[in-house]
Amino acid sequence: MATFDDILEEAGKFGRCQKRIFALLCMVSMPWAGVYVGIVFQGFTPDHWCRDSAAVQRREACGWSREESRSLTAPLLNISGVLQRSSCLRYEVDWNVTESSCDPRETERGANPTAGCTEGWEYDYDGRQSFVTEFDLVCSDGWLVDLYQATLNVGFLIGSIAIGYLADRFGRKMSFLMSNVLNGIAGILVAVAPNYISLLVFRTLYGFGVKGGWVAGYVLITEIVGVEFRRTVGVIYQMFFSVGILILPLLAYFITDWRWLQVVITVPYILFLSYYWFIPESPRWLLSQNRKSKAVKITKDMAKENRKTLSKMIETLSDDNADSSTASFMDLIRTPKMRRHTLILSFNWFTSAVVYQGLIMRLGILGGNVYIDFLISGLVEFPAAFLILFTIERIGRRLPFATANIVAGASCFITAFIPDRMFWFKTVVACVGRLGITMTFEMVVFVNTELYPTFVRNFGVSVCSTLCDVGGIVAPFLLYRLAVVWLELPLIIFGCLAFVAGGLVLLLPETRGVPLPDTIDDIEFPER
């Protein structure tokens, strides 16, 4: 009896066929970056103050600058020890009965009573539009912006479970294609949403397909290459997410309207439907479903494209686990080692998501040049992939994984206490934290796939990564609401989470050089 790994020895472990499929699937990671952290640009909150139409008329008649008219309409407030013009209060002035002097110094309003904004807001955001400025999501409605990111992660949560289940029942390829149909439709609906409620509904649907399709692509590519190439393709597949992170600020800089940016992020998903003709179903999955003839045909096609010839061994191709191929949640927690793996991996998914999204979204509230800051922090992600590839075959999985978590945690703590005047030092330390958490995010995925048997692998990764989505739901509230109390408070929370995650990783087994497990017994009794 020959297993699929035996046949790959003959057909080619990473030949022309696998390289072609791999190159196509890597493209899937790039638009996901725009979906995942596009809120930094699409939901940007610029400097704003109460609109007073009579004051605007006076400003135009007198030729005042925006800053001068703002000083006449917005009271000064002490915010964290700094005097700033209020964004949410205005002086109550009847401009029609006020003296008509055009000298702003004569029109000082310090003694006037104040009130909330009744005519909307003015924004210091010339020629650009985010959904915050379009729907006036500031002041008492500021928390609604958090929902834009939270609803996406709710979609991720439901979608990765549903599409993970479908990928194990109906195949990796079919669930990948179906998710892209949904992505194309939902993404365009987000771009044309008439109001904020409908925007959140469509955004949830968008999340439903985007992550599930990405995970199905990840599992497909790791299942058709040889054991020794598995981790490399997994890490590089995710590295293309970082390529997307670099492209995003360039797109956002030149595309000034959030709706058009949304369209540009969605178009690739429509193009991915053409993959129907270019990528095969996973032979491993076909074997697990007792569909041997189809698996043999695909494997022969792969060998042909790789210019290899197969021996008679292919006729004995079988799957050790074909009889028990339906995955259930109980498989993940019924036995002690599987249960431990599930709990530790789930916590690491949660931490990676909270800290990673938190550090990126923090760039939008620091007050610097958001495009430059985003680009620099994106460049920091690239060494992560190379550090992983360099260390995991020499040192193993467990130590680099734990170290990356602890480095990320330490960087968050240190950044919080560096004074703002040491701007560049603070930026460098924050970037080290971003590098560390990017490494843990890229490692948790393939360590997860290596710790579960074939029949439950896709389902297992999907279940554990649901905590990544719970983390994503929590992250915007943690960041934006706690930053109101103290800008650095979220970093303290991120640091604590990363330290705990790093400690737990040390309790996992080392998987370097170990073949992918096929049954739960392979996990529980590896010495057999």
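Residues numbered from 1 in each chain as written. Predicted model: local features only at pLDDT ≥ 70, side-chain atom pairs only at ≥ 80, totals over all residues. Heavy atoms only, no water.

1. A word on the environment of Pro400
Cut-off, in case you're wondering: A run of H or I in DSSP counts as a helix once it spans at least four residues, and a run of E counts as a strand once it spans at least two, with each numbered from the N terminus. Relative accessibility decides the category of a residue: with a 1.4 Å probe and only protein chains considered, values under 20% of the type maximum give buried, values over 50% give exposed, and everything between is partly exposed. For this analysis, residues touch if any pair of their heavy atoms sits within 4.5 Å.
The residue Pro400 is located in helix H19 (residues 398-417) in this model. Accessibility expressed as a relative area gives 7% for Pro400, which makes it buried. Along the backbone, Pro400 and Phe390 are 10 residues apart, and their C-alpha atoms lie at a distance of 10 Å. If near-sequence neighbours (up to four positions away) are discounted, Pro400 is found in contact with Thr391, Ile395 and Met443.

2. With respect to the domain arrangement of the protein
Formally: Segmentation of the chain into domains, including their bounds, is taken from an automatic or database domain assignment. Two parts lose some accessible area (1.4 Å probe) when they are put together, and adding that loss for both gives the buried area.
Each domain of the protein was delimited in the assignment, giving domain 1 (1-45 + 129-323), domain 2 (47-51 + 60-91 + 112-124) and domain 3 (329-527). Distance between the C-alpha centres of domain 1 and domain 3: 20 Å. At the interface, 47 residues of domain 1 touch 49 residues of domain 3. Interface of domain 1 and domain 3: buried area, both sides summed, is about 4,600 Å²; carbon and sulfur atoms make up 68% of it.

3. Quick look at the nonpolar core
Heads up, the rule is: Side-chain atoms within 4.5 Å link the members of a nonpolar core, which is a set of buried Ala, Val, Leu, Ile, Met, Phe, Trp, Tyr and Cys residues.
Residues Leu25 and Phe131 are the most contacted members of the largest nonpolar core, which totals 142 residues. Residue contacts for Leu25: discarding those within four places in its chain leaves Phe176, Gly217, Leu220, Ile221, Tyr237, Tyr275 and Ile279. Counting seven residues, the second-largest nonpolar core is a separate cluster that includes Cys62, Trp64, Val93 and Trp95.

4. Comments concerning the packing of helix H3 (residues 29-37) against helix H8 (residues 143-170)
Stated precisely, the cut-off is as follows: Every axis in this analysis is a line fitted to C-alpha atoms, fitted for helices over the stretch in contact. Angles between the N-to-C directions lie between 0 and 180 degrees. What sets the label is the angle itself: under 35 degrees gives roughly parallel, over 145 gives roughly antiparallel, 65 to 115 gives roughly perpendicular, and the rest give oblique. Lys, Arg, Asp and Glu make up the charged group, whereas Ala, Val, Leu, Ile, Met, Phe, Trp, Tyr, Cys and Pro make up the nonpolar group; the residues left over, Gly among them, are polar.
At a minimum axis distance of 9 Å, the contact between H3 and H8 shows a crossing angle of 130°. Taken together, the axis directions place H3 and H8 in an arrangement best described as oblique. Together, Trp32, Val35 and Tyr36 of H3 and Gln149, Leu152, Asn153 and Phe156 of H8 make up the contact between the two elements. Broken down by class, the residue content of the contact of H3 with H8 amounts to five nonpolar, two polar and no charged.

5. Things to note about the environment of Gln42
The condition that has to hold: Pairs of N or O atoms within 3.5 Å make up the polar contacts considered here, provided that, within protein, one atom can donate a hydrogen while the other can accept it, and that residues adjacent in sequence are counted only when both atoms are side-chain atoms.
Relative to the helices and strands, Gln42 is located in helix H4 (residues 39-42). Overall, Gln42 belongs to the buried group, its relative accessible area being 1%. In this structure, the C-alpha to C-alpha distance between Gln42 and Phe401, residues 359 residues apart in sequence, is 33 Å. Discounting chain neighbours no more than four positions away, the residues touching Gln42 are Ser130, Phe131, Val132, Tyr148, Trp258, Leu261 and Gln262. For Gln42, the side chain forms a polar contact with the side chain of Gln262, separated by 3.1 Å.

6. What about the environment of Asp94?
For Asp94, the location among the structural elements is in the loop between strand S4 (89-91) and strand S5 (114-116). Among the residues examined, Asp94 registers a relative accessible area of 42% and is labelled partly exposed. In sequence terms Asp94 and Ala55 are 39 residues apart; their C-alpha atoms lie 9.2 Å from each other.

7. A short note on the pattern of salt bridges
When the charged atoms of two side chains with opposite charge come close together, those side chains can pair. Which entries qualify depends on this criterion: Whenever Lys or Arg places a side-chain nitrogen within 4 Å of a carboxyl oxygen from Asp or Glu, that contact is recorded as a salt bridge.
One pass over the full model with this rule turns up 20 salt bridges. One salt bridge in this structure joins Glu9 and Lys13, with 3.2 Å as the shortest N-O distance. A salt bridge links Arg59 to Glu122; its shortest N-O distance comes to 3.1 Å. With Arg59 in helix H5 (residues 53-62) and Glu122 in strand S6 (residues 121-123), this residue pair connects regions lying 63 residues apart in the sequence. Both residues of the pair, Arg59 and Glu122, belong to the buried class. Each of Arg230, Glu393, Arg397 and Glu450 takes part in salt bridges that share partners, so that together they form one network.

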